[in-house]
Amino acid sequence: MANLKLIATLLLLALAASSARAQLSDNFYSSSCPNALAKVKEVVGTWISSDSTLAPSLLRLHFHDCWIRGCDGSVLLDTANGEKSAFGNVNSLRGFEVIDDIKTQVEALCPGVVSCSDILATAARDGMVQFSGAAINWAVQTGRRDGVVSSASEANADLPPPFSNFNSLVSNFQNKGFTSREMIVLSGSHTVGRSHCSTIQSRLYNFSSTASTDPSMDSPPSQRL
Ligand code: HEM
């Protein structure tokens, strides 16, 4: 559980730091849309009650948003050759319908006030709080401004590829201002969620002429001495 708290703390610091350059605050919408954050929590709660797997998916959506141009909602844009169509996003990023639903309901409260990037950042947190029974939580400041540019080629260049080795992951995170320790801790987010077989299959079966599985992987717990 200590690791989960560390992950939460780092998420707070790290993803806030990589937000689009905006003046974030604890109470950004307190006068312009006082019920916005309660509405985000309520709508996320409804979705996660019917499909809890959406919680990790929203966390990943938030990470992939922040990695390209900061946390500016650029991953949500439906533009030609946008981030949604990048190799690491297409057919695997989930949760867009949750953000669309929240945005619709928040717009009904306060038209044109709350940014999509703030909705995504708070929804990712609220989802994990509910999913974990409040074992995971972190503070989210608001005041992000939405970007208008979304580029698949930028996402292809910047998102960490699933087949990266340790050194290239360290380098990928260093390029965004993170230490190797922070990269390792943030990778602990993979204690929740799911992955397509294609990202791991080649290390599990027919790995090489001498080993059917990649010998550098830990064996399953039942096979450990
Ligand atoms: C260190 C570099 C990273 C790599 C190479 C990586 C790669 C991946 C891959 C390949 C998947 C499976 C996607 C699929 O097949 O659908 C995945 C899932 C996931 N990743 Fe990462 N990731 C990284 C960092 C992170 C970070 C920093 C976070 C959060 C802060 C994160 C959160 C997640 C979550 C929650 C899932 C599960 C998504 C779901 O269930 O829909 N990842 N990641």
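Residues numbered from 1 in each chain as written. Predicted model: local features only at pLDDT ≥ 70, side-chain atom pairs only at ≥ 80, totals over all residues. Heavy atoms only, no water.

Undergrad: In this structure, what is going on with the site of the ligand? I would like to understand it.
TA: Around the ligand sit 20 residues in total, of which Pro56, Ser57, His190, Arg194 and His196 are the nearest. Ser57 places a polar side-chain atom, nitrogen or oxygen, 2.6 Å from an oxygen atom of the ligand. Here an oxygen atom of the ligand sits 2.9 Å away from a polar atom, N or O, in the main chain of Arg194. Of all the secondary structure elements, the ones that give two or more residues to the shell around the ligand are α3 (54-67), α7 (166-174) and α8 (180-187). The greatest single-element share of the shell around the ligand, amounting to four residues, is contributed by α3. A breakdown of the residues in the shell around the ligand according to their chemical character gives nine nonpolar, nine polar and two charged. (Near = heavy atom within 4 Å. Polar contact = N/O pair within 3.5 Å; in protein donor to acceptor, adjacent residues only side chain to side chain. Helix = DSSP H or I, 4+ residues; strand = E, 2+ residues; numbered from the N terminus. Nonpolar A, V, L, I, M, F, W, Y, C, P; charged D, E, K, R; others polar.)

Undergrad: Any chance you could explain the coordination of the iron atom of the ligand here in plain terms?
TA: Six octahedral donors around a metal ideally sit at 90 or 180 degrees from one another, while four tetrahedral donors ideally sit at 109.5 degrees. No protein donor other than His190 (NE2) coordinates the iron atom of the ligand, and that contact is at 2.1 Å. Here His190 is to be found in the loop between α8 and α9 (201-204). (Donors = N, O, S within 2.8 Å, 3.2 Å for Na, K, Ca; no water.)

Undergrad: What's the story with the side chain of Ser151 in this structure? I'm lost.
TA: Note on placement: Ser151 falls in the loop between α5 (116-131) and α6 (152-158). Judged by relative accessible area, which is 13%, Ser151 ranks as buried. A distance of 3.1 Å separates the side chain of Ser151 from the side chain of Ser153, its partner in a polar contact. In contact with Ser151, not counting residues within four places along its chain, are Asn81, Gly82 and Glu83. (Buried < 20%, exposed > 50% of the residue type's maximum accessible area, 1.4 Å probe, protein only. Contact = heavy atoms within 4.5 Å.)

Undergrad: Which parts of the structure should I look at to understand the pattern of salt bridges?
TA: Pairing is possible between side chains that carry opposite charge, provided their charged atoms lie close to one another. Counted by the stated rule, this structure contains nine salt bridges. For Lys84, the salt bridge identified is with Asp78, shortest N-O distance 2.5 Å. Overall, Asp78 belongs to the exposed group, its relative accessible area being 68%. One salt bridge connects Lys176 with Asp158, and the closest N-O pair in it is separated by 2.9 Å. Of this pair, Lys176 sits in the loop between α7 and α8 while Asp158 sits in helix α6, and the two are 18 residues apart along the sequence. (Salt bridge = Lys/Arg side-chain N within 4 Å of Asp/Glu carboxyl O.)

Undergrad: Looking at this structure, I do not really get the UniProt feature "binding site: Ca(2+) 2" (unreviewed entry) in the chain. What am I missing?
TA: When the UniProt feature table is mapped to this numbering, "binding site: Ca(2+) 2" (unreviewed entry) covers Thr191. When you line up the elements, Thr191 lands in the loop between α8 and α9. Residue class for Thr191 comes out exposed when judged on its relative accessible area of 62%. (UniProt positions renumbered as here; feature names shortened; annotations may be inferred.)

Undergrad: I would appreciate a short explanation of unusual backbone geometry in the present structure.
TA: For residues besides glycine, phi is generally negative; the peptide bonds are generally trans as well. With a phi angle near 65°, Arg69 is a residue other than glycine that sits in the positive phi range. With respect to the element layout, Arg69 can be found in the loop between α3 and α4 (96-109).

Undergrad: Explain the state of the cysteines to me, please; I cannot follow it from the model alone.
TA: The bond known as a disulfide is covalent and runs between the sulfur atoms of two cysteines. The tally for this structure, following the rule as stated, stands at two disulfides. Linked covalently through their sulfurs, Cys33 and Cys110 form a disulfide whose S-S length is 1.9 Å. Across the S-S bond linking Cys33 and Cys110, the dihedral sits near 80°, which makes this disulfide right-handed. Taken together, the positions of Cys33 in the loop between α1 (2-17) and α2 (36-50) and Cys110 in the loop between α4 and α5 put the pair 77 residues apart, joining distant regions of the chain. Given a relative accessible area of 1%, Cys33 falls into the buried group. On the basis of relative accessibility, which here comes to 11%, the residue Cys110 falls in the buried class. Linked covalently through their sulfurs, Cys66 and Cys71 form a disulfide whose S-S length is 2.1 Å. Here Cys66 and Cys71 share a disulfide; its torsion about the S-S bond, 110°, makes the bridge right-handed. On the basis of relative accessibility, which here comes to 2%, the residue Cys66 falls in the buried class. Cys71 sits in the buried class, given a relative accessible area of 0%. Take the cysteines of the chain that form disulfides and number them in order along the sequence; they join up as 1-4, 2-3. (Disulfide = S-S within 2.5 Å.)

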